[in-house]
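# Per-entry structural report
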Amino acid sequence: MRDDFMSLVAHELRTPLNTLYVETQLRQLQLERGDQQAFSPENLRAMIDRDGHQIRSMIRLISDMVDVSRIKSGRLSIRPEKTNLSQLLRRVVEGMTQQAQAAGCAIRLSIEEDVIGFWDEFRIEQVVINLLTNAYRYGCSKPVDVTLATRDDLAEICVRDQGMGIAEDAQQKIFEKFERLDATNIREGLGMGLYIAKQLVSAHDGEILVNSVPGEGAMFRVILPLHQSASTAGI
Ligand SMILES: Nc1ncnc2c1ncn2[C@@H]1O[C@H](COP(=O)(O)OP(=O)(O)OP(=O)(O)O)[C@@H](O)[C@H]1O
Ligand SMILES: [Mg+2]
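Residues numbered from 1 in each chain as written. Chains lettered and ligands numbered in written order. Predicted model: local features only at pLDDT ≥ 70, side-chain atom pairs only at ≥ 80, totals over all residues. Heavy atoms only, no water.

## Some remarks on the side chain of Asp-51
- Relative to the elements of secondary structure, Asp-51 occurs in helix H2 (residues 41–72).
- Given the relative accessible area of 16%, Asp-51 is considered buried. (Helix = DSSP H or I, 4+ residues; strand = E, 2+ residues; numbered from the N terminus. Buried < 20%, exposed > 50% of the residue type's maximum accessible area, 1.4 Å probe, protein only.)

Given below as structure tokens:
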């Protein structure tokens, strides 16, 4: 199992690393040739964007690996603090708009204001980023709707796409480690996102649920308690 994991990660790291290496080779060649135009401000900006993209995907891969190994050894902990979930969602969506647009996807927001509770901001952000990345990765370039609402003692974040959807018999499997569905046919990602998301939501005494009609899209709901429980308060 561990060897499989290591070879998967190594394989996934090789792609962005190779791309960066090829880029540096090309730049060296251009420098040697005295090709000034290749380093015009405009070209430099585009280079930095491309490099940033490759570097971010390597960082994400490594952080996911660290999380998976923490989960395995029971060392994944959360640090809940007073958090404004409405602000958090706006910030995350704003930060991802460009990426989503590149995938041809519009994100529509409908947020209840000032939903405040005790959560680990960084970890909830990570859950939302995972769900949004999936929504535009598997969402067939259709709009994605993000909503936030409260009821009783709960806050509920909902991310809904109109993409390929998930077959009923696969709807629980996707929360397992390295589970990817063949039908999606997208050669990106390792299948760690939802596994980590589920562990993080559970650590908050919350729940993550999926509803989907294949061909019509998928809806993921993250339900979090609004008030601190003994376990999330670390008591
Ligand atoms: N919104 C969605 N619509 C359709 N299928 C989905 C959706 N979200 C997840 N899936 C399916 O569930 C699988 C597991 O998702 P998960 O986020 O855990 O992994 P991943 O996206 O493949 O890789 P990673 O998140 O590690 O980059 C995906 O490979 C895909 O087959
Ligand atoms: Mg994912």
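There's more to say after this.
## Here we look at the packing of helix H3 (residues 85–102) against helix H4 (residues 121–137)
- Packing of H3 against H4 brings their axes to within 10 Å, and their N-to-C directions diverge by 40°. As far as their axial angle goes, H4 and H3 are oblique. In this structure, H3 meets H4 at a crossing whose hand is right-handed. For the pair formed by H3 and H4, the contact residues are Leu-85, Leu-88, Leu-89, Arg-91, Val-92, Val-93, Met-96, Gln-99 and Ala-100 on the first element and Glu-121, Ile-124, Glu-125, Val-128, Ile-129, Leu-132, Thr-133 and Tyr-136 on the second. (Axes fitted to C-alpha atoms, helices over the stretch in contact; angles between N-to-C directions. Parallel < 35°, antiparallel > 145°, perpendicular 65-115°, else oblique. Left-handed = near helix turned anticlockwise from the far one by under 90°. Contact = heavy atoms within 4.5 Å.)

## Structural notes on the side chain of Gln-30
- Topologically, Gln-30 is positioned in helix H1 (residues 2–32).
- Given a relative accessible area of 15%, Gln-30 falls into the buried group.
- Once residues within four sequence positions are removed from consideration, Gln-30 is found in contact with Asp-35, Ala-38 and Phe-39.

## Regarding the packing of aromatic side chains
- Throughout the structure, instances matching the rule amount to one aromatic pair.
- Measuring from ring centre to ring centre gives 6.3 Å for Phe-175 and Phe-220, while their planes differ by 70°; the resulting arrangement is edge-to-face. Residue Phe-175 is found in the loop between strand S5 (154–160) and helix H5 (193–203), and its partner Phe-220 is found in strand S7 (residues 217–225); the two are separated by 45 residues along the sequence. The same class applies to Phe-175 and to Phe-220, which are both buried.
- Sitting over the face of the ring of Phe-175, Lys-198 holds its NZ or CZ atom 5.4 Å from the ring centroid. (Phe/Tyr/Trp six-rings, centres within 6.5 Å; stacked < 30°, edge-to-face > 60°. Lys NZ or Arg CZ within 6 Å of the ring centre and 35° of its normal.)

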